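Coordinates in review
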Amino acid sequence: KMQVQKKINKELEKAYKEMALIEEVINDLPQREKRLMRLRYIHCKKWEEICIIMNYEWAQVHRLHASALRKVNHK
């Protein structure tokens, strides 16, 4: 039982570190892109939900997402 708990704790620690890295990367983006990336990757919203929340068309959301990914990849 202790070994299972250790494994769970190790996986949780790994997940928290990955989440911190995602937060760090997202925080460097411009406001609109930051909002979109948070909705998608932190709050796990579907694209349709993001369109409604941000009041953007599908194409706008995907252009903004592509722009954010380009900026993230350049870092």
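Overview of the structure. In this text, all values refer to a predicted model and were calculated from it rather than measured experimentally.

The rules behind each value
Residues numbered from 1 in each chain as written. Predicted model: local features only at pLDDT ≥ 70, side-chain atom pairs only at ≥ 80, totals over all residues. Heavy atoms only, no water. Salt bridge = Lys/Arg side-chain N within 4 Å of Asp/Glu carboxyl O. Helix = DSSP H or I, 4+ residues; strand = E, 2+ residues; numbered from the N terminus. Buried < 20%, exposed > 50% of the residue type's maximum accessible area, 1.4 Å probe, protein only. Core = buried A, V, L, I, M, F, W, Y, C linked by side-chain atoms within 4.5 Å. Contact = heavy atoms within 4.5 Å.

Structural notes on the pattern of salt bridges
As enumerated under the stated definition, the model contains three salt bridges in all. As a salt-bridge pair, glutamate 23 and arginine 38 come within 2.7 Å of each other at their nearest N and O atoms. Placement of the pair is glutamate 23 in helix α1 (residues 2-27) and arginine 38 in helix α2 (residues 31-42), with a sequence separation of 15 residues. You can call glutamate 23 partly exposed: its relative accessible area is 23%. For arginine 38, a relative accessible area of 23% puts it in the partly exposed group.

Quick notes on the nonpolar core
In terms of nonpolar packing, the biggest core is built from 13 residues, with Leu36, Met37, Ile50, Met54 and Val61 touching the most fellow members. For this core, the secondary-structure elements that each account for two or more residues are α2, α3 (47-54) and α4 (58-73). The greatest single-element share of this core, amounting to four residues, is contributed by α3. Each residue touching methionine 37, except ones within four places of it in the same chain, is listed here: Ile26, Leu29, Ile42, His65, Ala68 and Leu69.

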